[in-house]
Amino acid sequence: MMFISENNLAALVGTSNHTVRRWAASGKFPSCNQNGTLGFNMKYLMDLPEVKAMFESRWDEESGVVPVRRYNSVELFAGAGGMALGMSLAGFHHVLLNEFDASACQTLRVNRPDWNVLEGDVRHVDFTPLRGKVDFLSGGFPCQAFSYAGKGAGFNDTRGTLFFDLARAVKEIQPKVFLGENVKGLLSHEHGHTLETIRHAISELGYTLVEPHVLKAIMYQVPQKRERLILIAIRNDIAPHVRFHWPSPYQRVLTLRDAFFKSVIYNSDVPHSEGAKYPEKKQRVLELVPQGGDWRNLPEDIAKEYMGGSWFLGGGKTGMARRLSLDEPSLTLTCSPGQKQTERCHPLETRPLSVREYARIQTFPDDWQFEGTMSEKYKQIGNAVPVNLAWAVGRSLIRLFNDIESVFPSESADCKNAVQAVMESEHSGMNQG
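Residues numbered from 1 in each chain as written. Predicted model: local features only at pLDDT ≥ 70, side-chain atom pairs only at ≥ 80, totals over all residues. Heavy atoms only, no water.

A.B. asks: Tell me about the overall build of the chain, and please be specific about residues and values.
C.D. replies: Scanning the chain for helices and strands turns up 15 helices and 13 strands. Computed over C-alpha atoms, the radius of gyration of the chain comes to 23 Å, within 12% of the 22 Å expected from 2.2 N^0.38 for 433 residues, which places it in the range of a compact globule. Along the first, second and third principal axes, the C-alpha atoms of the chain reach 65 × 50 × 50 Å. Sorting the 433 residues of the chain into buried and exposed places 54% on the buried side. A separation of at least 24 residues holds for 71% of the contacts in the chain among residues at least 6 apart in sequence. Carbon and sulfur atoms make up 50% of the accessible area of the chain, which totals about 18900 Å². Charge centroids of the chain, computed over 48 positive and 49 negative side chains, lie 4 Å from each other. (Helix = DSSP H or I, 4+ residues; strand = E, 2+ residues; numbered from the N terminus. Rg over C-alpha atoms; globule rule 2.2 N^0.38 Å. Buried < 20%, exposed > 50% of the residue type's maximum accessible area, 1.4 Å probe, protein only. Contact = heavy atoms within 4.5 Å. Areas by Shrake-Rupley, 256 points an atom, 1.4 Å probe, with all protein chains shown as cover. Lys, Arg positive; Asp, Glu negative; His and termini not counted. Charge placed at Lys NZ, Arg CZ, Asp CG, Glu CD.)

A.B. asks: Residues and numbers for the side chain of threonine 334, please.
C.D. replies: You can see threonine 334 is positioned in the loop between strand S13 (330–331) and helix H12 (355–361). A distance of 2.6 Å separates a polar atom in the side chain of threonine 334 from the backbone oxygen of serine 336. Within the local environment of threonine 334, its side chain forms a polar contact with the side chain of glutamine 339, the two groups lying 3.2 Å apart. Once residues within four sequence positions are removed from consideration, threonine 334 is found in contact with Gln339, Thr342, Arg344, Tyr358, Tyr378 and Gly382. (Polar contact = N/O pair within 3.5 Å; in protein donor to acceptor, adjacent residues only side chain to side chain.)

A.B. asks: A description of the sheet that holds strand S1 (residues 3–5) should follow, citing residues and the corresponding values.
C.D. replies: In a beta sheet, neighbouring strands pair by backbone hydrogen bonds and run either parallel or antiparallel. In space, the three strands of this open sheet follow the order S1-S3-S2, with antiparallel pairing throughout. In this open sheet, the two strands that pair with only one neighbour each are S1 and strand S2 (31–34). Averaged over all adjacent pairs, the angle separating strand axes in this sheet is 50 degrees, with direction ignored. Bridge analysis of S2 against strand S3 (residues 37–41) gives four bridges, and the strand direction is antiparallel. Counted as the bridge partner of serine 31 is phenylalanine 40 from S3. Helix H1 (residues 6–13) contacts S1 and S3 of the sheet and is inclined by roughly 85 degrees relative to S1. (Pairing = 2+ DSSP bridges. Axes fitted to C-alpha atoms, helices over the stretch in contact; angles between N-to-C directions.)

A.B. asks: Outline the packing of H1 against helix H2 (residues 17–26), listing residues and values.
C.D. replies: Two packed helices can be described by the angle between their axes and the distance between those axes. The geometry of H1 relative to H2 is characterised by a closest axis approach of 8 Å and an angle of 115 degrees between their N-to-C directions. Crossing angle aside, the handedness with which H1 passes H2 is right-handed. Only Asn17, Val20, Arg21, Trp23 and Ala24 of H2 make contact with H1, whose side of the interface consists of Glu6, Asn7, Leu9, Ala10 and Val13. Residue composition of the contact of H1 with H2, grouped by class: six nonpolar, two polar and two charged. (Left-handed = near helix turned anticlockwise from the far one by under 90°. Nonpolar A, V, L, I, M, F, W, Y, C, P; charged D, E, K, R; others polar.)

A.B. asks: Could you give me a rundown of the pattern of salt bridges, with the residues and numbers involved?
C.D. replies: Scanning all chains against the criterion turns up 27 salt bridges. Residues glutamate 328 and lysine 225 are paired through a salt bridge, measuring 3.6 Å at the closest nitrogen-oxygen approach. Taken together, the residues span a long stretch of sequence, with glutamate 328 in the loop between helix H11 (300–307) and S13 and lysine 225 in strand S11 (residues 224–225) at a distance of 103 residues. Classification of lysine 225 by relative accessible area gives partly exposed; the value is 24%. (Salt bridge = Lys/Arg side-chain N within 4 Å of Asp/Glu carboxyl O.)

A.B. asks: How would you sum up the environment of histidine 213? Please name residues and give values.
C.D. replies: Within the fold, histidine 213 resides in strand S10 (residues 213–216). The partly exposed category is assigned to histidine 213, whose relative accessible area is 31%. Leaving out residues up to four positions away in the same chain, histidine 213 has contacts with Arg228, Leu229, Ile230 and Trp246. Here glutamate 211 takes part through its backbone oxygen, which lies 3.2 Å from a polar atom of the side chain of histidine 213.

A.B. asks: Can you lay out the packing of helix H5 (residues 82–90) against helix H14 (residues 387–407) for me, pointing to particular residues and giving the numbers?
C.D. replies: At a minimum axis separation of 7 Å, H5 and H14 run at an interaxial angle of 45 degrees. In terms of orientation, H5 lies oblique with respect to H14. Read as a crossing pair, H5 and H14 show a hand that is right-handed. Across from Gly82, Met83, Leu85, Gly86, Met87, Leu89 and Ala90 in H5, the residues of H14 making contact are Val387, Ala390, Trp391, Val393, Gly394, Arg395, Leu397 and Ile398. Counted by class, the contact of H5 with H14 contains 11 nonpolar, three polar and one charged residues. (Parallel < 35°, antiparallel > 145°, perpendicular 65-115°, else oblique.)

A.B. asks: Give a description of a nonpolar patch on the surface that names residues and reports values.
C.D. replies: The grouping of Met2, Met46 and Phe55 at the surface amounts to a nonpolar patch, some 230 Å² of accessible area in total. One can find methionine 46 in the loop between S3 and helix H3 (49–55). Under the relative-accessibility criterion, methionine 46 is labelled partly exposed at 30%. (Patch = residues over 30% accessible without salt bridge, like charges linked within 9 Å, V, L, I, M, F, W, Y side chains within 5 Å.)

A.B. asks: Mind laying out helix H13 (residues 374–383), listing which residues take part and the relevant values?
C.D. replies: Within H13, the full set of buried residues consists of Lys377, Tyr378, Gln380, Ile381 and Gly382. Taken together, the buried residues of H13 touch helix H6 (102–111) and H12.

A.B. asks: Describe helix H7 (residues 162–173), and please don't skip the residues or the numbers.
C.D. replies: For H7, with 12 residues, the first-to-last C-alpha span of 17 Å sits near the 16 Å given by 1.5 Å per residue. Buried residues dominate H7, accounting for 11 of its 12 residues. Here H7 has its buried residues at Leu162, Phe163, Phe164, Asp165, Leu166, Ala167, Arg168, Ala169, Val170, Glu172 and Ile173. Against the buried residues of H7 lie strand S4 (71–76), strand S7 (136–139), strand S8 (177–183), helix H8 (193–204) and strand S9 (207–209). (Expected span 1.5 Å × (residues − 1).)

A.B. asks: Account for unusual backbone geometry, naming residues and giving values.
C.D. replies: The residue asparagine 35 is not glycine, and still its phi comes out positive at about 55 degrees. For asparagine 35, the location among the structural elements is in the loop between S2 and S3. Although it is not a glycine, glutamine 174 sits at a positive phi angle of roughly 60 degrees. The residue glutamine 174 is located in the loop between H7 and S8 in this model. Under the relative-accessibility criterion, glutamine 174 is labelled partly exposed at 21%.

A.B. asks: So what about the state of the cysteines? Which residues, and what values?
C.D. replies: Summed over all chains, the structure comprises zero disulfides. As a non-bridged cysteine, cysteine 345 has cysteine 335 as the owner of its nearest cysteine sulfur, 19 Å distant. Exposure remark for cysteine 345: the relative accessible area of 0% places this residue in the buried category. (Disulfide = S-S within 2.5 Å.)

This is the structure in structure tokens:
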């Protein structure tokens, strides 16, 4: 029997635990008990699209996709390498990665000495030497305020934002396909005006946007409730001849047990590593919270004192005094493991998650080292795209490129001199600035 707990089903379909419990109580879906945990046999949940997709998954087949030739790629806003590593595992050949943060750049260099890591402000980089030599461009651009003064609400209206520089890189390089990654909130940012501006900009660049998707990381072998908006655009001369297919999900939801112990994604238990600590007073409070619990499990007087003014605010406040559960995916990781409003206490020990536990929840391999101070390491990991999510999307992109190659066969370009020219132009731009 493929069993899924009530809480994990709620995370999978994007609804509340209360709603799922109501489904069970009303008999909408027959519930069952497995080792004391309430949940469902997944074969009785086929009316739910997410469950149906897992049953019909082609994950294993898609895992075998390999590139028919070397596909050159460039990544902007590379961070600690979550997306870059996933895309590399899928088969892309990174010729250049750009990142502003010095410690993240050092992380990339230490783990992949053969990658060309360009440290510095993307606004100073001239990408034109790479024009026509790069197949794929990607970047998880930060989302700032956009201007809507222009009538077209297109490319020029993104000026002053980091999407503008991703779009400028596309304009200068002219890759066959590019990917933009962002938070789910971009869909509704500024009442949808931001996404509409991006749509117009992509059209002006001469690309066809695949209908954007919000991907839930827990569907792609990631033990974390994290959602990312993925934008994929195909150059107009190619787009009518091919079709992009979103990746199939994995067959089940992974949990912290899969992250911290030997499992389908790790062949050993999580190694010991450095980690933050709680102040003594906070530790005494959190010791009273059971797995999967939060402030509501505390005695009222202790909860009131711990929460302060938040006690009187509306909303569920479920992030406060929250202890994770070993049999559920982690809540979305933040850039700091011990923030009061978004607590992520270890399920078995009363402490914040360690650096290595953070990394496993983001599906980084254990040999991927993070450079910088401990707080910089947490920040790098918390900001990353989960490696396995990027890997799944990357495999779908490799399939797309193989299809493009069958229609428009071409040879892999030698980018060595072009990359050198780009790196020199960046240093020149920085000096002028």
